[in-house]
Amino acid sequence: MIGNFTFCSPTRLHFGDRSMSRLPEELIKYGPKVMLTYGGGSIKRNGVYEEVLAALEATGKVVVEDPGVMSNPTVEKLYNGARIAREHDVDLILAVGGGSVIDYAKGVSASAWCDEDPWEKYYLRKEMPECRLIPVGCVLTMVGTGSEMNGGSVITNHAQKIKTEMGLDDRGVPKFAILNPRYTLSVPKYQMVSGIYDIFNHICEQYFSGDDDNVSDYLSEGLMRSVIHASRIAVRDPLDYEARSNLMWASTWALNTLIAKGKTEDWEVHMIGQAIGAFTDAAHGMTLSAVSLPYYRRILPYGLHRFVRFARNVWDIPAEGMDPESAALAGLSALEEWMNEIGVVMHAAELGVTKEMTGEIAAVTPLYDTGYRKLTKEDVEEILRESL
Ligand code: NZQ
Ligand code: ZN
């Protein structure tokens, strides 16, 4: 049965190679002070910075620059950003970059006027903000996380060895997003592939849970097929605009909450991946690819029906006439082949995980009971060892 839910998507999306022309009409909705947040400099090399600045100037904004958001943004950077936003009393945070920059902007939005330690309140205790939030808008330059249209914000605390998320409600979701696939053409191949696997795994996390037969499952299968198709083209020719457009659009829909509606969700691969990230600072999508197959092979017997459906509807395995376990395993083999084909990281050792670290990583991995089987810490350690 489809469960009860509310669906609200407050983000105004502008998609396509002329979408930047819509930025001024968004900017004029907010007060004069804009905090312009970006990463380590890619937007200065590919010309996006100039285009954004032109729109800010055209609308007469006072710009407070906040560069240097690192991949996997840290809690120290978050504290600093919150201080800047408060001191300047900014009216809008404009995040220009990938998931890291947008996640950070959402963190700053909720932290600037928070009376408590935001790390403790939002990220550890998972409480919702009581203070006012600064509106966030974004220009997306790297595809994968879906951060442009959701309330998630992932922050890393290296001292505590915790990489974790807060999930803001509608108030914290970006008000608008500029999605120009052309901006993603300069993303290095390793990051592009990491993002592609991130998209795919977001869909898996919502698909491999429950046994409902609902609209969300069919949408998920369509999205997965589209990602597989577009990824093959993009890996052969990273400058293929059509493929990069499809990846961008699929990525947004993979994690804007739509395909989770009416069903339970898993997210255990992400929990293990984030724990790896807390220890290694590795590219997010690659932390997921490294542990996915050992995880899915482990839970397959408990969600056999769904894995057979995955094999049939996503990978075109002729499952009829096969025994269910063989059909399900054939689906995972097809997944493995595709992962090798696009070149994701298949071994956690490549990300810096050592045999000695597996126990520590397992110890900080949250264990969810919403997938087909709740793991134990020992399971997680075994998965990590298998993935080395
Ligand atoms: O910092 P710059 O110089 O901009 O370089 C970035 C960065 O090094 C570069 N890049 C981005 N756009 C580019 C570009 N390089 C050339 N041309 C461009 N157009 O790419 C590198 C990676 O960027 P980053 O933003 O770190 O990657 P991603 O989008 O994968 O974001 C990763 C973060 O998002 C979190 C992850 O955990 C991680 O912290 N996630 C957020 C989620 C959410 N909000 O819902 C869900 C995800 O599961 C994920 O956990
Ligand atoms: Zn992810």
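Up top you'll find the structure we're talking about.
Quick look at the structure, then.

Definitions and cut-offs
Each residue is numbered by its place in its chain's sequence as written, counting from 1. Each chain gets a letter, beginning with A, and each ligand a number, beginning with 1, in the order they are written. It should be noted that, the model being predicted, local features are given only for residues of pLDDT at least 70 and side-chain atom pairs only at 80 or more, the latter also being counted only at that level, while totals for whole chains, interfaces and linings use all residues. Excluding hydrogens and water, the side-chain figures rest on all heavy atoms present in the structure. Each residue gets one of three labels from its accessible area relative to the maximum for its type: buried under 20%, exposed over 50%, partly exposed in between, using a 1.4 Å probe on protein chains only. Strands here are runs of E lasting at least two residues and helices are runs of H or I lasting at least four, both read from the DSSP assignment and numbered beginning at the N terminus. What makes two strands pair is DSSP finding at least two bridges between them. All axes here are fitted lines through C-alpha atoms, helices being fitted over the stretch that makes contact, and every angle between N-to-C directions spans 0 to 180 degrees. Any two residues having at least one pair of non-hydrogen atoms within 4.5 Å are treated as being in contact.

### Side note on the pairing of strand E8 (residues 176-179)
Alternating residues of E8 divide into Phe 176 and Ile 178 and Ala 177 and Leu 179, and every residue in both groups is buried. Pairing of strand E1 (residues 12-15) with E8 involves four bridges; the strand directions are parallel. Along E8, the bridge assignment pairs Leu 13 with Ala 177. Where strand E5 (residues 136-140) meets E8, four bridges bridge the pair, whose relative direction is parallel. The residue bridging Gly 137 from the neighbouring strand is Phe 176, located in E8.

### Describing unusual backbone geometry
Glycine aside, negative phi is the norm for most residues, and most peptide bonds take the trans geometry. Even without being glycine, Asp 89 reaches a positive phi, approximately 45°. The class for Asp 89 is partly exposed, based on a relative accessible area of 37%. Located in the positive-phi region is Asp 316, a residue other than glycine, with phi close to 55°. Of note, Asp 316 is situated in the loop between helix H12 (304-315) and helix H13 (324-342).

### Here we look at the sheet that holds E8
The six strands are arranged E1-E8-E5-E4-E2-E3 in an open sheet whose pairing can be described as parallel. Strands with a single pairing partner mark the edges of an open sheet, and in this sheet they are E1 and strand E3 (62-66). Pairwise comparison of adjacent strand axes, ignoring direction, gives a mean angle of 15° for this sheet. By the bridge criterion, five bridges tie strand E2 (residues 33-38) to E3 in an arrangement that is parallel. Residue Met 35 lies in a different strand from E3, and its bridge partner there is Val 64. Sheet strands touched by helix H3 (residues 48-58): E2, E3, strand E4 (92-97) and E5. Its angle to E2, the strand with the most contacts, is close to 175°. On the sheet, helix H9 (residues 241-254) packs against E1, E5 and E8 and is oriented at approximately 170° with respect to E1.

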